[in-house]
Amino acid sequence: MSRPGSGRSVARPAPTRRHLLQALGAGSLGLAALPLAGCALEGASAESTDEDELTFLISNLDGGWVPSKSAISSYEANVWQQLTDKLVHTDPEGTVTPWIASSWEQNEDSTEFLLHLRDGVTFSDGTPVDAEAVVANLQSWALGRPEEGIARVGLFPGGTYDGAEAAGRLSVRVSFTAPTLSFLPTLGYHGCLLLSPASIAASLEEQSDLAVQIGSGPFVLDTWAASDHVRLVRREDYDWAPEVLGASGPAGLAAITFTVLPDDSLRASAARARQTDLSYNVNPQVLDSFTDAGFTLEVPRYLGFVHGYSLRTNVAPFDDVRVRRAVTRGIDRAEILRTVFTDAWEPATSWLQTGVPETTDLTELFSYDPDLASRLLDEAGWTARTADGFRAKDGVELGFTLYPTPYLTGSVPEAELISQHLKRIGIRVSTQKLDIPTWTERVTNDPTQGVAEVTRSFVDVGTVAGVITGEGEDWFAVGSSDPVLEDLRDGVAGAASRAERAGLVEDLSRHVLEQAYFIPLEQNVQRIYVQSPQLRDISFNAVAIPSYHATTKEAA
Amino acid sequence: MSAAVTAPVASNSGAASRSASTARRYGTFAARRTGQALVVIVLCYVLVFLVLAAIPGDPISAQLDNPEAGYSDAEKAQIRSFYGLDRPVLLQLLISLGNALQGRLGISLSTSQAVTEMITTAIPSTLALAATALVLAVLLAALLGLLSQRLPQGRLNSLVRSLPTLFLSTPNFLIGLVLIQVLAVQLGAFSLVDSESVGSTLVASLTLAIPVSAQIAQVFITALDESAGQDYAEVALARGLPPTQVVLRHLLRPSLLPTVTVVGLVIGEVLGGSLITETIFGRAGIGTLVQKAVAAQDVPVLLVTVVLSAAVFVVVNLVIDLLYPLLDPRLRGAEAAR
């Protein structure tokens, strides 16, 4: 396996005298000479490469290759998905189907699970994917090695994890200290990827080398160079794709090259110049020009929370339920969808994405109603007006600041539009754009900041119980002050069957939306794929990560 | 660059021992200069470290606080402690400096890769860009300089003489965007995807070379004009030597010294410009590394890359300072005496 850096074309041919002179001529004679010089430059092609090779442009692969750090990233996950397999496959509707685990049993209160593994699966270094290897993986997902800087997999239910042991060559017993319904679907989560025991045992620094990460996926690493590219090639003996993907045997494509091109407009230009098969995350506002030019657009939605704002109820003015309701009623979501996004985006129907199996349509609790919003604000006593026309009470102007999330394309224009909507009902909303570290510092970790923008995926609705009250992340800063919320949380967390849980999730969602703790905006789309129409059979999992095992590319 | 060139001549010892004592003095001078350069680099390291420490937040916390991760406070604290981020800043500085002096540059906070490896991977790309750009810039400046002497007075000559100002006032990124739009998108003449290909490297180098060449060209043209006004040039012309011969044999040599000095100075310019150029063309060089480290507050990477850039600048100046007395005999005594 090659070392990082070895992949770059190290032996770059030196520019010849002729090239230098041509380039020089172009520079000194001005733009008129450019086409001339351009035609003479070699080593470039306007067409994308071979028919059985996929080229993929991505804005960054900066998160590195330590799996627990980067496997959940929306960037590196694209690579991980092709290199590794998972125990189960979870589809965009939350349905769990066999993959490396061919079947499973669980006890009545969902505290103990027995996984049966498929026979004959091997990592690309030849090591078998057996009970021992799976136990090593489960341990690292649940616990990590924080003393060596290796974090556990965040969304894996580590809190109730008791242990895992081999119950035979190909069966694994996993136990939990409390009912953990989320265990099985989470095995299909993008953080839970199967790696060879040797890769797991490697140190943090060793793990940063992608070549050290040995998976059992349909592709294996060919070369990589940090911040430049990752090239994968087909694994010829691969024969254990999840049945639901509809293809067996080795992958259809011989190779995939992920190339890093950080600049948004450059990725768009490369796509327009047909220099790539796939461009990832292009600004939503220019997407129409791509569909007009015949490109295919994929905006897979994932399971999780819709894109929205969670409000801290201990921060003014959100300490008044009438103000919270007024804000949610004052946002014209249809106009946001029309102007900021394209037809591919869908309205929110709850605070959970519609794909989540337990979601019910609760739109009537937050639909646009500016008159109602104004009445609510009048009732709340915000009746005076400032010189600028904004509402005020006791000399205080009604307003707040939005810090659009740096994790989501389109978040900034959306915040600006919302600020216009709320201005109509007399609320002053200013917006300020921040980079990720500053945003974390100023918004996520600042308890005096009333609005936190949410873009979070999950594979199992059990996760919501852990975020809403003081025992969890306390999103709404209610602590233990809302007994109804606490009861519903305990019900959802402790449910031992999905049927029982579904009703509780609906009650919980209704309560959250009635109290306007959460302001839904639209269904979350964090990943945008602009694809050549030649590509066929790309599938997405529960967290909107594409799989290229079954993908083929037609001749142009 | 120092004011050493203008220092007064103070060497006046006996003829026999002059050569030996000059060599000794030059040795002392060189050692002192090198020592000064090392101190500058270490101070730069300390300064950058402290500035970075003053900025709130760090990438490890930012990663752990990523809303998709869901870690507990205890887990975050454990990981932060692994990276030593819970220690007092001064202690962190001492440890970091001690490690750096032993050649251990640490691991990146965002990728966990060894910083040394990240840098050695990025250097060839930047070197290819910077070296090609420097060569192109020198060629372009040479062309403009020679044209300024050989073209008859008139509109064309004025145009050539005004080109450097035009080049200098056109932003690097604008040149880059025009070249990308025309050459890559319209003509498909080079690959945007393979940013390290010969075609892409040439176009990126040209983007960088155009503004850099302007500074060299300006000095070169002025120096040539000055030499052309000297008696020996007029005598040569009067003797009937062809004008091209006059330029090449009589004007070029005396004009080279100031030009070479400028070339040394623009190396800093090339390094700075390569940051922007790398970003425009999506090249994975040192500039891109710095830019990403800034965005991610990746202190170990940022520290090493910034200190490395400073070190290159200091070393280039050191070499030039040490070379002057060797190149110009008149400066030998002067330098050695300081």
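If you're wondering where the values come from, they're calculated on a predicted model, not measured in any experiment.

## Some remarks on the overall build of chain B
Next, step 1: Tallying secondary structure elements over chain B gives 13 helices and zero strands in all.
Next, step 2: The order of α-helices and β-strands along chain B, N terminus first, is α-α-α-α-α-α-α-α-α-α-α-α-α.
Next, step 3: Within chain B, buried positions represent 49% of all 338 residues.
Next, step 4: A fraction of 74% describes how many contacts in chain B between residues 6 or more apart in sequence connect residues 24 or more apart.
Next, step 5: Summed over all atoms, the accessible surface of chain B reaches about 15,600 Å², with 68% contributed by carbon and sulfur.

## Some thoughts on the overall build of chain A
Next, step 1: Helix and strand counts for chain A come out as 17 helices and 25 strands.
Next, step 2: Compactness check: chain A gives a C-alpha radius of gyration of 26 Å against a globular reference of 24 Å for 556 residues, within 12% of the reference.
Next, step 3: Considered along the principal axes of its C-alpha atoms, chain A spans approximately 75 × 75 × 40 Å.
Next, step 4: Buried residues in chain A amount to 58% of all 556 residues.
Next, step 5: At a minimum sequence separation of 6, the contacts of chain A that also span at least 24 residues come to 69%.
Next, step 6: Total accessible area computed for chain A in this model is approximately 20,200 Å², and 49% of it derives from carbon and sulfur atoms.
Next, step 7: Once the 43 positive and 75 negative side-chain charges of chain A are each reduced to a mean point, those two points are 6 Å apart.

## As for the UniProt feature "transmembrane region" (unreviewed entry) in chain B
Residues and elements named next belong to chain B.
Next, step 1: When the UniProt feature table is mapped to this numbering, "transmembrane region" (unreviewed entry) covers residues 35-55, 127-146, 166-190, 256-281 and 301-324.
Next, step 2: From the first C-alpha to the last, residues 35-55 spans 31 Å; its make-up is 95% helix and 0% strand.
Next, step 3: Secondary structure over residues 301-324 splits into 100% helix and 0% strand, and the C-alpha atoms at its two ends are 35 Å apart.

## Side note on the confidence of the model for chain B
Residues and elements named next belong to chain B.
Next, step 1: Per-residue pLDDT for chain B has a mean of 81; in total, 89% of the residues score no lower than 70.
Next, step 2: When mean pLDDT is compared element by element in chain B, helix 5 (residues 115-150) scores highest at 90, while helix 13 (residues 329-337) scores lowest at 55.
Next, step 3: Low pLDDT, under 50, characterises residues 1-13; the stretch is placed with 21 contacts to residues that sit more than four places away or in other chains.
Next, step 4: Complex prediction metrics read pTM 0.78 and ipTM 0.73.

## Examining the packing of helix 7 (residues 172-186) of chain B against helix 10 (residues 243-281) of chain B
Residue and element names in this part refer to chain B.
Next, step 1: With their axes 10 Å apart at the nearest point, helix 7 and helix 10 run at an angle of 30° to one another. Accordingly, the angle class assigned to the pair helix 7 and helix 10 is roughly parallel. You can see that helix 7 and helix 10 cross each other, and the crossing is right-handed. For the pair formed by helix 7 and helix 10, the contact residues are Asn 172, Phe 173, Gly 176, Leu 177 and Ile 180 on the first element and Gly 273, Ile 276, Thr 277, Ile 280 and Phe 281 on the second.
Next, step 2: Here the residues of the contact of helix 7 with helix 10 are counted per class, giving six nonpolar, four polar and no charged.

## As for the nonpolar core
Residues and elements named next belong to chain A.
Next, step 1: Within the largest apolar cluster, 72 residues are counted, with the highest numbers of intra-cluster contacts made by Leu 87, Leu 138, Phe 156, Phe 183, Leu 187, Trp 351 and Phe 476.
Next, step 2: Looking at this core, the elements that each hand over two or more residues are strand 5 (112-117), helix 5 (131-142), strand 6 (161-166), strand 7 (171-176), helix 6 (183-186), helix 16 (483-494) and helix 17 (498-514).
Next, step 3: In terms of residue count, helix 5 provides more of this core than any other element does, seven residues in total.
Next, step 4: Contact partners of Phe 183, with chain neighbours within four places excluded, come to Phe 113, Leu 115, Leu 138, Phe 156, Pro 157, Val 174 and Phe 176.

## Quick look at the environment of Tyr26(B)
All names here are of chain B.
Next, step 1: Here Tyr 26 lies in helix 1 (residues 15-54).
Next, step 2: Taking the C-alpha atoms as reference points, Tyr 26 and His 250, 224 residues apart in sequence, are found 32 Å from one another.
Next, step 3: A distance of 2.6 Å separates the side chain of Tyr 26 from the backbone oxygen of Leu 322, its partner in a polar contact.

## Concerning helix 7 of chain B
All names here are of chain B.
Next, step 1: Taking 1.5 Å per residue, 15 residues should reach 21 Å; helix 7 reaches 20 Å between its end C-alpha atoms and fits that length.
Next, step 2: Of all the residues in helix 7, the buried ones are Asn 172, Ile 175, Gly 176, Leu 179, Ile 180, Leu 183 and Ala 184.
Next, step 3: Trailing helix 7 by a residue or two, Gly 188 shows a phi angle of about 60°, which is positive.

## What to know about the UniProt feature "domain: ABC transmembrane type-1" (unreviewed entry) in chain B
Next, step 1: Per the UniProt record, the feature "domain: ABC transmembrane type-1" (unreviewed entry) sits at residues 123-324 of chain B.
Next, step 2: For residues 123-324 of chain B, helix accounts for 86% and strand for 0%, while the C-alpha atoms at its two ends are 29 Å apart.

## Describing the sheet that holds strand 6 of chain A
All names here are of chain A.
Next, step 1: Taken together, four strands build an open sheet; the order of strands is 4-5-7-6 and the sheet is antiparallel. Of all strands in the sheet, those with a lone pairing partner are strand 4 (101-106) and strand 6, marking the two edges. Across this sheet, the average inter-strand angle for adjacent strands is 20°, counted without regard to direction.
Next, step 2: In this sheet, strand 5 lies alongside strand 4 in antiparallel orientation, the contact comprising five bridges. Bridge pairing links Trp 104 to Leu 115 in strand 5.
Next, step 3: Each of strand 5, strand 6 and strand 7 touches helix 5; the most contacted strand, strand 6, lies at about 165° to it.

## So, the pairing of strand 13 (residues 307-311) of chain A
Residues and elements named next belong to chain A.
Next, step 1: With five of five residues buried, strand 13 lies mostly within the body of the structure.
Next, step 2: Both faces of strand 13 are covered, namely the face carrying His 307, Tyr 309 and Leu 311 and the face carrying Gly 308 and Ser 310.
Next, step 3: Across four bridges, strand 13 lies against strand 20 (residues 518-522) in antiparallel orientation. Bridge assignment links Ser 310 to a residue of strand 20, and that residue is Phe 518.
Next, step 4: Pairing of strand 13 with strand 19 (residues 451-454) involves four bridges; the strand directions are antiparallel. Counterpart to Tyr 309 in the pairing with strand 19 is Glu 453.

## Brief notes about the UniProt feature "domain: Solute-binding protein family" (unreviewed entry) in chain A
Next, step 1: Taking the UniProt record as the reference, the feature "domain: Solute-binding protein family" (unreviewed entry) is found at residues 95-445 of chain A.
Next, step 2: Structurally, residues 95-445 of chain A comprises 25% helix and 21% strand, and the distance from its first C-alpha atom to its last is 34 Å.

## Looking at the sheet that holds strand 10 (residues 255-260) of chain A
Residue and element names in this part refer to chain A.
Next, step 1: With mixed pairing, seven strands are arranged side by side in an open sheet as 8-9-10-1-11-21-12. What marks the edges here is a single partner per strand, and that holds for strand 8 (219-225) and strand 12 (296-298). Taken pair by pair, the neighbouring strands of this sheet meet at an average axis angle of 20°, ignoring direction.
Next, step 2: The pairing of strand 8 with strand 9 (residues 229-234) spans six bridges and is classified as antiparallel. Of the residues in strand 9, the one forming a bridge with Leu 221 is Leu 232.

Rules of the game
- Residues numbered from 1 in each chain as written.
- Chains lettered and ligands numbered in written order.
- Predicted model: local features only at pLDDT ≥ 70, side-chain atom pairs only at ≥ 80, totals over all residues.
- Heavy atoms only, no water.
- Helix = DSSP H or I, 4+ residues; strand = E, 2+ residues; numbered from the N terminus.
- Buried < 20%, exposed > 50% of the residue type's maximum accessible area, 1.4 Å probe, protein only.
- Contact = heavy atoms within 4.5 Å.
- Areas by Shrake-Rupley, 256 points an atom, 1.4 Å probe, with all protein chains shown as cover.
- Rg over C-alpha atoms; globule rule 2.2 N^0.38 Å.
- Lys, Arg positive; Asp, Glu negative; His and termini not counted.
- Charge placed at Lys NZ, Arg CZ, Asp CG, Glu CD.
- UniProt positions renumbered as here; feature names shortened; annotations may be inferred.
- pLDDT = per-residue confidence, 0-100.
- Axes fitted to C-alpha atoms, helices over the stretch in contact; angles between N-to-C directions.
- Parallel < 35°, antiparallel > 145°, perpendicular 65-115°, else oblique.
- Left-handed = near helix turned anticlockwise from the far one by under 90°.
- Nonpolar A, V, L, I, M, F, W, Y, C, P; charged D, E, K, R; others polar.
- Core = buried A, V, L, I, M, F, W, Y, C linked by side-chain atoms within 4.5 Å.
- Polar contact = N/O pair within 3.5 Å; in protein donor to acceptor, adjacent residues only side chain to side chain.
- Expected span 1.5 Å × (residues − 1).
- Pairing = 2+ DSSP bridges.

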